[in-house]
Amino acid sequence: MSTDAMRPLGATADRATARLGASLQVKGEITGNEDLLIDGTVEGLVQLDERKLTVGANAKVTADIIAREVVVYGTVKGNLRAKDRIEIKKDGSVIGDLTTSRISIEDGAYFKGSIEIDKSPEKQNAHSAFEKTASTSVATSATKTI
């Protein structure tokens, strides 16, 4: 199957989005260099260092996730690490620890775990050395159900 068959309309070659359909089940490790939409079931590790992972509304993911950006509409059990941001949408559910520089949890979303705000030095260039040391990370533990 060519990658063109998996690419949604409007996607370009440099921003290809792969899709793991609702009837597919994967156990193991997923790595790659393109954006990924998961609608099925995944167990293991998902590593898309510089890309976006979207967990679809019907998806059930039991995995640690490493990506540039993670958007959750479905269910995730595992730790999430995103270089840019993590979004948990209103019907999304995450049980696990989050590490990111930006976070968004919509009303109605479920989250149980800790959040570490990871401010890298290049994003803090306006702060003094003391402030960098004092505000490098923030950890919190929360359960949010609305």
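Anyway, here's the lowdown on the structure attached to this text. (Residues numbered from 1 in each chain as written. Predicted model: local features only at pLDDT ≥ 70, side-chain atom pairs only at ≥ 80, totals over all residues. Heavy atoms only, no water.)

Moving on: the environment of G32. Its location among the elements puts G32 in the loop between β2 (25–31) and β3 (35–38). Taking the relative accessible area as the measure of exposure, G32 reaches 37% and is therefore partly exposed. Sequence separation between G32 and V46 is 14 residues, and the spatial gap between their C-alpha atoms is 8.8 Å. Ignoring any residue separated from it by four or fewer positions in sequence, one finds G32 in contact with Q47 and L48. (Helix = DSSP H or I, 4+ residues; strand = E, 2+ residues; numbered from the N terminus. Buried < 20%, exposed > 50% of the residue type's maximum accessible area, 1.4 Å probe, protein only. Contact = heavy atoms within 4.5 Å.)

Right, let's get into the nonpolar core. Within the largest apolar cluster, 28 residues are counted, with the highest numbers of intra-cluster contacts made by I38, V46, L53, V61 and L80. Contributing elements (two or more residues each) for this core: β1 (17–20), β3, β4 (41–55), β5 (60–72), β7 (80–88) and β11 (110–117). The element contributing the most residues to this core is β5, with six residues. V46 has contacts with I30, I38, L53, A63, D64, I65 and I66, leaving out every residue within four places of it along the chain. (Core = buried A, V, L, I, M, F, W, Y, C linked by side-chain atoms within 4.5 Å.)

The subject of this paragraph is the pairing of β4. The pairing of β2 with β4 spans seven bridges and is parallel. The residue bridging V26 from the neighbouring strand is V42, located in β4. Pairing analysis gives three bridges linking β3 to β4, with the strands arranged parallel. In the sheet register, L37 faces β4, and the bridge partner there is T54. Both β4 and β5 contribute to a ladder of 12 bridges, which runs parallel. Within β5, the residue paired with L53 across the bridge is V70. (Pairing = 2+ DSSP bridges.)

That's the geometry; what it means functionally is another story.
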